[in-house]
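Commentary on secondary and tertiary structure
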Amino acid sequence: ELKVEQNPLFLSMQEGKNYTIYCNYSTTSDRLYWYRQDPGKSLESLFVLLSNGAVKQEGRLMASLDTKARLSTLHITAAVHDLSATYFCAVDPSGGSNYKLTFGKGTLLTVNP
Amino acid sequence: DAGVTQSPTHLIKTRGQQVTLRCSPKSGHDTVSWYQQALGQGPQFIFQYYEEEERQRGNFPDRFSGHQFPNYSSELNVNALLLGDSALYLCASIRTGAGTGELFFGEGSRLTVL
């Protein structure tokens, strides 16, 4: 059974600081997703990482994928309050077009002034 | 271009009742998946529909069933509701074979079972 583990589960940051969220998974996969969820809302797609070594950046967020280590990271640079949300990573183990995602438990990020 | 739309947004049922949730995929998308998200948890895959057939299924009992229509819209049905079925139900759509692999999620239907 595929397991997806995120660390940390809770993260309290000060504005302007940098931090990294880690996502480990237990089976071979070359398709990794990052989503953001605001309270009571749906999932907003942040990144889709499709191959080993993939790196994508959008604003203050940068995601990377190491399929050999079965690890993805979401790096936050110079955090601002608007980044406060829950962040999920999700893995599609099929390597093809199954799109059956297994999610981590999420990281609740709070950015304090 | 409308994204993934779901209805109803909120509903309250009692134990033992049945519920039907509806989803219209994003324009051009032909594959619809349903996820259950309990409070404080990540979403869990229920099942996926393509060409009006259930293509994949997660670890959910037969009380959970679904349907896909020729226009690609989908329904999720839950029979004999339990308190533990209270959750946010999310629909996601994608165009099969899409190179980006990006799934789009709807706003969800929040079900409360009393």
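Above this text you will find the structure in question.
So, here is what we can say about the structure in this document.

Scoring rules and cut-offs
- Residues numbered from 1 in each chain as written.
- Chains lettered and ligands numbered in written order.
- Predicted model: local features only at pLDDT ≥ 70, side-chain atom pairs only at ≥ 80, totals over all residues.
- Heavy atoms only, no water.
- 1 Å grid on protein atoms, 1.4 Å probe; cavity = no way out; pocket = protein on both sides within 12 Å on 5 of 7 lines; lining within 4 Å.
- Points joined across faces, edges and corners; volume = space filled by probe spheres on them.
- Helix = DSSP H or I, 4+ residues; strand = E, 2+ residues; numbered from the N terminus.
- Nonpolar A, V, L, I, M, F, W, Y, C, P; charged D, E, K, R; others polar.
- Pairing = 2+ DSSP bridges.
- Axes fitted to C-alpha atoms, helices over the stretch in contact; angles between N-to-C directions.

Its volume calculated, the largest pocket comes out at about 740 Å³. Taken together, 29 residues line the largest pocket, and the ones lying closest to its centre are E1, L2, T102 and F103 of chain A together with Q44 of chain B. Broken down by secondary-structure element, the contributors of at least two residues to the lining of the largest pocket are β1 (4-7) and β10 (102-103) of chain A together with β5 (44-50) and β6 (53-57) of chain B. With three residues, the top contributor of residues to the lining of the largest pocket is β1 of chain A. When its residues are assigned to classes, the lining of the largest pocket shows 10 nonpolar, 12 polar and seven charged. Within this model, the second largest pocket holds a volume of roughly 460 Å³. If you trace the second largest pocket, you find 21 residues lining it, with Q37, T86 and F88 of chain A together with G40 and Q41 of chain B closest to the centre.

So, about the sheet that holds strand β3 (residues 19-25) of chain A. Residues and elements named next belong to chain A. The strand order across the open sheet built from five strands is β1-β3-β8-β7-β6, with neighbouring strands paired in antiparallel fashion. The outermost strands of the open sheet, each flanked by one partner alone, are β1 and β6 (55-58). Pairs of neighbouring strands in the sheet enclose a mean axial angle of 15°, with direction left out of account. Examined bridge by bridge, β1 and β3 share four bridges and lie antiparallel to one another. When the sheet's bridge partners are listed, E5 is paired in β3 with N24.

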